[in-house]
Amino acid sequence: MQHRKALTITPELTFPKVGFLTAEQWIVGTHVLTGLMALLVGIFLGPFQVFRRAPVLKWAIPVFSYYYQALTVHGVMNALFFTTFFIVGFSYFTVMRSLKRNMWSTKLVWAAYVLMLVGLLLVVYALVTNQANVLYTFYPSLIAHPAFYLGLVLLVVGTWLVTANLFLTYSLWRRENPHEHLPLAVFATLTNFVLWCVASFGVAIEVLFMLLPLSLGLISHTDPQAGRALFWFFGHPLVYFWLLPAYTSWYAMLPKQANSRIFSDPLARVAFILLMIFSIPVGVHHMFTDPGVSAVMKGIQTVFTFVVAIPSLLTAFNVGAMLERAGRNRGAKGPFDWMWKQDWHNPVIAAQISAMILFITGGISGIMNASLTLNIALHNTSWIPAHFHQTLGGAVTLTFMGICYWLIPMIRGRGLYSAKVALWQVHTWSIGMMIFGYTYGAAGLLGVPRRTDLGAAPYINELAVPYLNASVIGGVLLLISSILFFANIIGTLFFSKAPLTEEAPIDTYVESKSPLWMEKWGLWLSIVAILCVIAWVPVFLEVFDFTNGFQTPGYNPNGGIYKP
Ligand code: HAS
Ligand code: CU1
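Structure report, in brief. (Residues numbered from 1 in each chain as written. Chains lettered and ligands numbered in written order. Predicted model: local features only at pLDDT ≥ 70, side-chain atom pairs only at ≥ 80, totals over all residues. Heavy atoms only, no water.)

### Details of the overall build of the protein chain
- Helix and strand counts for the protein chain come out as 17 helices and two strands.
- Against the 2.2 N^0.38 benchmark of 24 Å for 564 residues, the protein chain shows a C-alpha radius of gyration of 23 Å, consistent with a compact globule.
- Principal-axis analysis of the C-alpha atoms places the extent of the protein chain at approximately 65 × 65 × 45 Å.
- Going through the 564 residues of the protein chain one by one, you find that 59% of them count as buried.
- Nonlocal contacts in the protein chain, meaning residues at least 24 apart in sequence, comprise 83% of its contacts between residues at least 6 apart. (Helix = DSSP H or I, 4+ residues; strand = E, 2+ residues; numbered from the N terminus. Rg over C-alpha atoms; globule rule 2.2 N^0.38 Å. Buried < 20%, exposed > 50% of the residue type's maximum accessible area, 1.4 Å probe, protein only. Contact = heavy atoms within 4.5 Å.)

### Overview of the environment of G29
- Relative to the helices and strands, G29 resides in helix 1 (residues 22-43).
- Among residues more than four places away in sequence, those in contact with G29 are E24 and I411.

### So, the coordination of the iron atom of ligand 1
- Only one protein atom coordinates the iron atom of ligand 1: H387 (NE2), located 2.2 Å from the metal.
- Between the two metal centres, the iron atom of ligand 1 and the copper ion (ligand 2), the spacing is 4.5 Å.
- When you line up the elements, H387 lands in helix 14 (residues 383-412). (Donors = N, O, S within 2.8 Å, 3.2 Å for Na, K, Ca; no water.)

### Focus on the coordination of the copper ion (ligand 2)
- Protein-derived coordination of the copper ion (ligand 2) comes from H236 (ND1), H285 (NE2) and H286 (NE2), at a distance range of 1.8 to 2.0 Å.
- Here the donor residues of the copper ion (ligand 2) are spaced in sequence according to H-x48-H-H.
- Residue class for H236 comes out buried when judged on its relative accessible area of 6%.
- Assessed through its relative accessible area of 22%, H286 is described here as partly exposed.

### Structural notes on the pattern of salt bridges
- The full count for this structure, using the stated rule, is 10 salt bridges.
- Taking the shortest distance from any N to any O, the salt bridge between D453 and R52 comes out at 2.8 Å. With a gap of 401 residues between them, D453 in the loop between helix 15 (419-445) and helix 16 (465-495) and R52 in helix 2 (residues 45-53) connect regions that are remote in the sequence.
- According to the relative accessible area criterion, D453 is buried, its value standing at 15%.
- Overall, R52 belongs to the buried group, its relative accessible area being 15%. (Salt bridge = Lys/Arg side-chain N within 4 Å of Asp/Glu carboxyl O.)

### Section: the side chain of S105
- Along the chain, the position of S105 falls in the loop between helix 3 (67-99) and helix 4 (106-128).
- Under the relative-accessibility criterion, S105 is labelled buried at 16%.
- Here L108 takes part through its backbone nitrogen, which lies 2.9 Å from a polar atom of the side chain of S105. (Polar contact = N/O pair within 3.5 Å; in protein donor to acceptor, adjacent residues only side chain to side chain.)

### Notes on empty space enclosed by the protein
- Applying the stated rule across the entire model yields three cavities of 30 Å³ or more.
- If you add up the space inside the largest cavity, you get close to 620 Å³.
- Around the largest cavity sit 33 residues that line it, and G46, H74, N78, F388 and H389 are the ones nearest its centre.
- Contributions of two or more residues to the lining of the largest cavity are made by helix 1, helix 2, helix 3, helix 14, helix 15 and helix 16.
- In terms of residues, the lining of the largest cavity owes the most to one element, helix 3, which gives eight residues.
- Its residues assigned to classes, the lining of the largest cavity shows 19 nonpolar, 11 polar and three charged.
- As a volume, the second largest cavity reaches approximately 50 Å³. (1 Å grid on protein atoms, 1.4 Å probe; cavity = no way out; pocket = protein on both sides within 12 Å on 5 of 7 lines; lining within 4 Å. Points joined across faces, edges and corners; volume = space filled by probe spheres on them. Nonpolar A, V, L, I, M, F, W, Y, C, P; charged D, E, K, R; others polar.)

### Remarks on a nonpolar patch on the surface
- On the surface, I357, I360, I364, M368, L374 and M434 cluster together to form a nonpolar patch covering roughly 520 Å² of accessible area.
- The leading source of residues in the nonpolar patch is helix 12 (residues 347-369), at four residues.
- The partly exposed category is assigned to I357, whose relative accessible area is 39%. (Patch = residues over 30% accessible without salt bridge, like charges linked within 9 Å, V, L, I, M, F, W, Y side chains within 5 Å. Areas by Shrake-Rupley, 256 points an atom, 1.4 Å probe, with all protein chains shown as cover.)

### Looking at the site of ligand 1
- In the neighbourhood of ligand 1, 33 residues make up the surrounding shell, with Y136, Y240, H379, H387 and R450 lying closest.
- The separation between an oxygen atom of ligand 1 and a polar side-chain atom of Y136 is 2.6 Å.
- With respect to ligand 1, the backbone of A370 contributes an N or O atom lying 3.2 Å from an oxygen atom.
- When residues of the shell around ligand 1 are traced back to their parent elements, those giving at least two are helix 7 (224-252), helix 10 (295-329), helix 12 and helix 14.
- The dominant element in the shell around ligand 1, judged by the number of residues it contributes, is helix 12, at eight residues.
- The residue inventory of the shell around ligand 1, partitioned by class, reads 19 nonpolar, 12 polar and two charged. (Near = heavy atom within 4 Å.)

Right, here's the structure in full:
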């Protein structure tokens, strides 16, 4: 006789429509607020980079007066720590709410959090003591204090635990609900953590076998080319790890907020699957000017890069159609009228639509970067920061700010301190980013370099001077916007007296016609692995010097050969 263990069905959690369960509040709140603290440090250094680089000002940067230290703090805090903590907190929210259950293990949630937090503190120590001026890409042969690399390792290991917890929660749910459709938001979250996990192996190998041992004095030399290849195996998927939660909000939350409905759920899932598959075999587009990679591999990864832009074009149509429906529900008539007939007075909606508008130029500039031939003119100029401030600073950060305008009130159990201030914040951010993007893009076309202390440069192309000076206007607007953002967050946390009225903008039941095979994670992982082999193994064979090994000594950015 066959004995089958009876499946114990976990009772569904009932979440309050308005407000959080205590456990949820702690888990989501701690991660999101830690992320915002990292942002608080990083965000204000941005405008001062602009002021330092404008010939009309050439101001020294306050507190971190050494330009490269300030730039590293700006990049590392904003791009690596704010994003990761925020995304993890947001993903826990999405998964718990949508699947109506607790995380698989609350202990694992906190173990991962402690690892990531210790990682953050170690990195902050290395940064503020001026021992890690290696920028957020930490390319060798620049070498930082071991605490910097150890901190990054802990951050990444923490996110692996997060991934395990998310997948175990999902698989329990799937076992108990074999025929139900997985809510889109959870589907998106899982694809995001798959791509993150696979990608993070590249940077883990780089840090564990190249950078940390050199920094500790266990090995004496490194290889910049090999380090860059391992980094960009990770670095490009990283940008989608930031983008996918914003897409999750646009697809799965904005329809409810805008009183509309998703245009196509299956098409959205196709977009997420494509992003998961094609994010990794494209990182060489960051190395088009690197001599060690062959033109053939650059060509192959160029083609894949164009493929990975397609899911974003699908998103533009899918989300655009959802917004058109929202506009028509509000009385829009002509072909374009729906654009203005959005609820522009709601900061949560205004932030997300403005983020999309910034992403139009961000996306187009990305496609231009991806052309091998054009890239020669654009690489390492201020065009690149222009590109990624429309994508990461625009599409992603502005969406996350919009999310904060409903999430922080829910975490705190009080209404938003001021919707009006939030609207001003959104508009100053959008216009500031547009000005920054235009001026830095134009200056880049005139050859102005990125990552360079122009305030100390003996020569700048005169034609670029007006653009660099005009970028100050963007910097001022972004500074004002950052102050308004944090004033509102602090106001909501400590001073708001308004009652909480907004519901969690996520549907716990989603009608979907998507086929269940879309959840074949094993299949997707195999395809990812095959593409990684095709796209990356030849690159690694090209960049590693298997005869002579590592030949370049580490370099201390504060001067001289690196000595631990
Ligand atoms: Fe990129 C460099 C190519 C997307 C971030 N990128 C960077 C760097 C960062 C970054 C940080 O090929 C610098 C790294 C460093 O420090 O060296 N990028 C692309 C391409 C895309 C792209 C092809 N990037 C992103 C995203 C990022 C990001 C997303 C962050 C979140 N990028 C490159 C390349 C380089 C690069 C090269 C290397 C350059 C070099 O030489 O160093 C694509 O994924 C973009 C596709 C996007 C679209 C836009 C779709 C538009 C949508 C909005 C629609 C609007 C609506 C609103 C619906 C095709 C979805 C309408 C409503 C109304 C009411 C009007
Ligand atoms: Cu990229």
